[in-house]
Amino acid sequence: MFTLDQIKSAHAKVKTGADFPAYVQDLIKLGVIGYETWVADGHTVYAGKNDFTITSPARYDVKDVMHTSNAKQFIADLKHHQQGGSDFATFSDQCAANGVERWVLDFSKMTCTYYDEEGEVLLEEKIPT
């Protein structure tokens, strides 16, 4: 199974959203089948085969996630991030401001789904390969 140190090493290569597809491929090679990241503190639960999970510690102090979502602005911020226009800290702040509670990656479907606090899907997109 994979370790948090292995994931951290793969993540160290990510500078902007443009680096994300290569990061996903690195995780798949480690045996990660998906993960869920929580915007409030940045912790992530990574899943592997046979119900294996490992949880990262919080990445930053708890931030308030808006109770009302703004999907239109979130999508604009996401596109900017994916094109390399923002770092993870900025993107996390934008997610919180736009009411994104968490995102879930499923490597079997190669999707990333963003949810608000009500569990409503704000966006589901294919992960580029």
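Residues numbered from 1 in each chain as written. Predicted model: local features only at pLDDT ≥ 70, side-chain atom pairs only at ≥ 80, totals over all residues. Heavy atoms only, no water.

A look at the nonpolar core
Part 1: One finds Leu-27, Trp-103, Phe-107 and Tyr-114 to be the most contacted residues of the largest nonpolar core, which totals 26 residues.
Part 2: Elements represented by at least two residues in this core include exactly helix H1 (4–11), helix H2 (20–30), helix H3 (71–82), helix H4 (88–97), strand S4 (102–106), strand S5 (111–115) and strand S6 (121–126).
Part 3: Ignoring anything within four residues of it in the chain, the contact list for Leu-27 reads Ile-7, Ala-10, Val-32, Tyr-35, Tyr-46 and Phe-107. (Core = buried A, V, L, I, M, F, W, Y, C linked by side-chain atoms within 4.5 Å. Buried < 20%, exposed > 50% of the residue type's maximum accessible area, 1.4 Å probe, protein only. Helix = DSSP H or I, 4+ residues; strand = E, 2+ residues; numbered from the N terminus. Contact = heavy atoms within 4.5 Å.)

Let's talk about the pattern of salt bridges
Part 1: In total, this model carries five salt bridges according to the counting rule given.
Part 2: For Asp-93, the salt bridge goes to Lys-63, with nearest N and O atoms at 2.5 Å. Of the two residues, Asp-93 sits in helix H4 while Lys-63 sits in the loop between strand S3 (53–55) and H3, which places them 30 residues apart along the sequence.
Part 3: Overall, Lys-63 belongs to the buried group, its relative accessible area being 17%.
Part 4: Connected via shared salt-bridge partners are Glu-36, Glu-101 and Arg-102. (Salt bridge = Lys/Arg side-chain N within 4 Å of Asp/Glu carboxyl O.)

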